[in-house]
Number of protein chains: 2
Amino acid sequence: MSPRYTRLVDTLPATVPFVGPETQERARGAAFEARLGANENGFGPSPRAIEAMAKASGDQWMYGDPENHDLKQALALRLGVTPAHLIVGEGIDGLLGYLVRLLIEPGDAVVTSEGAYPTFNYHVAGFGGVLHKVPYLGDHEDPTALMHRAREVEAKLVYLANPDNPMGSWHGAEVIRGAIEQVPAGTLLALDEAYVEFAPEGTAPEIDPDDERVIRLRTFSKGYGLAGARVGYAVGAPGLIAAFDKVRNHFGMNRAAQIGALAALADEGHLAQTIAQVVAARARLNAIAAENGLRALPSATNFVTIDCGRDGDFARRVLAGVVKRGVFIRMPFVAPHDRCIRVSAGPEAQLAAFARVLPEALAEARQG
Amino acid sequence: MSPRYTRLVDTLPATVPFVGPETQERARGAAFEARLGANENGFGPSPRAIEAMAKASGDQWMYGDPENHDLKQALALRLGVTPAHLIVGEGIDGLLGYLVRLLIEPGDAVVTSEGAYPTFNYHVAGFGGVLHKVPYLGDHEDPTALMHRAREVEAKLVYLANPDNPMGSWHGAEVIRGAIEQVPAGTLLALDEAYVEFAPEGTAPEIDPDDERVIRLRTFSKGYGLAGARVGYAVGAPGLIAAFDKVRNHFGMNRAAQIGALAALADEGHLAQTIAQVVAARARLNAIAAENGLRALPSATNFVTIDCGRDGDFARRVLAGVVKRGVFIRMPFVAPHDRCIRVSAGPEAQLAAFARVLPEALAEARQG
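Computed from a predicted model, the values in this text were never measured in an experiment.

Peer 1: Explain the sheet that holds strand β9 (residues 295–296) of chain A to me, please; I cannot follow it from the model alone.
Peer 2: Sheet strands line up and pair through hydrogen bonds in the backbone, either parallel or antiparallel. Residues and elements named next belong to chain A. Ordered by their spatial adjacency, three strands build an open sheet running β9-β10-β12, and the pairing between neighbours is antiparallel. Edge positions in the open sheet fall to β9 and β12 (340–344), since each of these has one partner strand only. Sheet topology note: the strand β10 (residues 303–307)/β12 ladder contains five bridges and is antiparallel. Paired with I306 across the two strands is I341, which belongs to β12. Each of β9, β10 and β12 touches helix α11 (residues 268–291); the most contacted strand, β10, lies at about 15° to it.

Peer 1: I'm lost on the interface of chain B and chain A in this one. Help?
Peer 2: Reports of interface size often rely on the accessible area that becomes lost once the parts have come together. Counting residues at the interface gives 84 residues for chain B and 84 residues for chain A. Here chain B meets chain A over a buried area of about 7,100 Å², counting both sides, of which 54% is carbon and sulfur. There are eight salt bridges connecting chain B and chain A. Notably, a salt bridge pairs E105 of chain B with R7 of chain A, separated by 2.5 Å at the nearest N-O pair.

Peer 1: Help me understand the packing of aromatic side chains, please; the structure alone is not making it clear to me.
Peer 2: Geometrically, a pair of aromatic rings is defined through the distance of the ring centres and the angle of the planes. Counting across every chain of the model gives 18 aromatic pairs over all chains. Taken together, a centroid distance of 5.8 Å and an interplanar angle of 50° make the contact between F220 of chain A and Y233 of chain A tilted. Of the two residues, F220 of chain A is situated in the loop between β7 (214–219) and β8 (232–235) and Y233 of chain A in strand β8; the sequence distance between them amounts to 13 residues. For Y233 of chain A, a relative accessible area of 4% corresponds to the buried category. Here F18 of chain B and Y117 of chain B contribute two aromatic rings whose centre-to-centre distance is 6.3 Å and whose plane-to-plane angle is 35°, an arrangement assigned as tilted. Of the two residues, F18 of chain B is situated in the loop between α1 (7–11) and α2 (21–28) and Y117 of chain B in the loop between β3 (109–113) and α6 (118–126); the sequence distance between them amounts to 99 residues. With a relative accessible area of 12%, F18 of chain B lands in the buried category. A connected cluster of aromatic rings, assembled from ring pairs, spans F18, Y117 and F333 of chain A together with Y63 and F251 of chain B. The ring of F314 of chain A carries R310 of chain A above its face, with NZ or CZ at 4.3 Å from the centroid. The residue whose ring lies beneath R342 of chain A is F303 of chain A, and the NZ or CZ to ring-centre distance is 5.5 Å.

The rules we used
- Residues numbered from 1 in each chain as written.
- Chains lettered and ligands numbered in written order.
- Predicted model: local features only at pLDDT ≥ 70, side-chain atom pairs only at ≥ 80, totals over all residues.
- Heavy atoms only, no water.
- Pairing = 2+ DSSP bridges.
- Helix = DSSP H or I, 4+ residues; strand = E, 2+ residues; numbered from the N terminus.
- Contact = heavy atoms within 4.5 Å.
- Axes fitted to C-alpha atoms, helices over the stretch in contact; angles between N-to-C directions.
- Buried area = accessible area lost by both parts, 1.4 Å probe.
- Salt bridge = Lys/Arg side-chain N within 4 Å of Asp/Glu carboxyl O.
- Phe/Tyr/Trp six-rings, centres within 6.5 Å; stacked < 30°, edge-to-face > 60°.
- Buried < 20%, exposed > 50% of the residue type's maximum accessible area, 1.4 Å probe, protein only.
- Lys NZ or Arg CZ within 6 Å of the ring centre and 35° of its normal.

This is the structure we're talking about:
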């Protein structure tokens, strides 16, 4: 006799939000030449972080500090908040899981954008929430529509990424401030700022850390180049932050990752250098797109979304052609954004590989 | 206005299953001289694992493989099962959280032993399960009583650790086999074998990996000395294993930890050496107990539970005296086991520190 799963679990598919590049490599029987599909930061973490993690490897017999004390102290100082406003967790993915669990029970309404981050949707479905999706306005998430729908369905939670993934678009701080003012009573805004380090000055709004209407989520995976370490954090009102202690895996953080994130945070020079490298890589990707007669969308992230100029089937053929030639990239899942492919910023050798295979993939796709 | 939490979350305390040693160090304003409280493995991981993790530090810009393919292949080979029988996760704690989430909704019955692993209880409470506890039989968990109670309350899940924490006791394979035969229809046995590498031959039973009545949980935290890395795994029937994909954090594993666990698993010589060191350390702890007129309980783990010979208040005074002298140890939470303190096996310098402070702590405790 099978175990008796919950009624909810019985209804859930065994979905995987993303297929990893390693899975694709095993399927194709060869490693990728370039890894530009998961918005990892190929410029790598701070050498100080690498050294700190390497040194911490010998101490991995000890559990990590369940309070993440040192990292929270450093983040508090950097952000001008107190440690009581901060929760550290296993990446934004892990924190989103805890957040959804705190708020959502079967039937509760949640609002996001059609085509936005699938892992958020995965968590909402996983706790039985009912997702209401609003369309993007062009290539931007539409904060006004999100808040309107949140009011309409009395959503407990609304998700907004700024900058956005997968489109790379962004809103200035004033638009986000305006959205926060429109958050309905009883709704919490999850503001995903995973890519904010790459955005222009004036993208991240000032938010009163005691504001109970919003929780902002950030990560060491993108700007700090530590995706494999799994370190994210969130800033919110102390009551909400304290609630994470009711459900989180207190001893869930990797000890070397805690130490590496702390070292990465301290290396402001490396972050600045990374941002400059990403800016240059975006320009290079723009040029590659232009050389192929394609339009690169403006980006405030470490990836560039390239409009292939036709429909989703065409872009999927382009993607397949790029991937089969050894360059791992991804693309938006839903129309009309699936006219695009999405390519991460990375070192020149990786971008050159993309530049080499794109014309072939396009020619092949045009043959239908 | 505060966020609208679920009805369940509103009832949950912001409990922490354990207070970490770092928290205690911050409170006392000094580092511990010896760290013997969390059953960490002070003999450390395999040098090969340390080297592999150190080397992987520079690659932490990449996410880990969400399928944990390589580690599952190696574990499958070692255990004589297929990868479809294996789930890898963020320590046993993380896997227990997923398992409880898969099975337990508010009101569902769960059975464990009074005084057994608190983090399991934390997860059960966190998903609204109703815990039914049966007493130990002396210093052993009582499989017969557990299964009897599971049948009585129609439990969806029953927890049994073998060897046991916090008592260090164990049952031979035949007793566990017998318990599995007694698992009621519709109940799943979570068999926590975190410490099994330290147990005598014949402790871990042969279990048909397709047996739907049981899931066995293991970890790299204890025998392999990688507590800080957060790598656990479970062996179960493929249907149950596949269900984890419905709820787990697919990209939740630290990449260097995956690589380190793989290297640790391959170093059988180091594991054998660790076990020998733990056996010697247990003997040393037995001797320290005897020198102080105390009785050490037999142990099949990397810790020794020492009967202080009086009641819980007395043992708590002993514990406080040891801790305030710079030696981190813990003790069982509930009577009658709280007559004991629990000391992890570790290198001689750490045990010597314990040996030095124990007589003083005992003398102080006897003064009341």
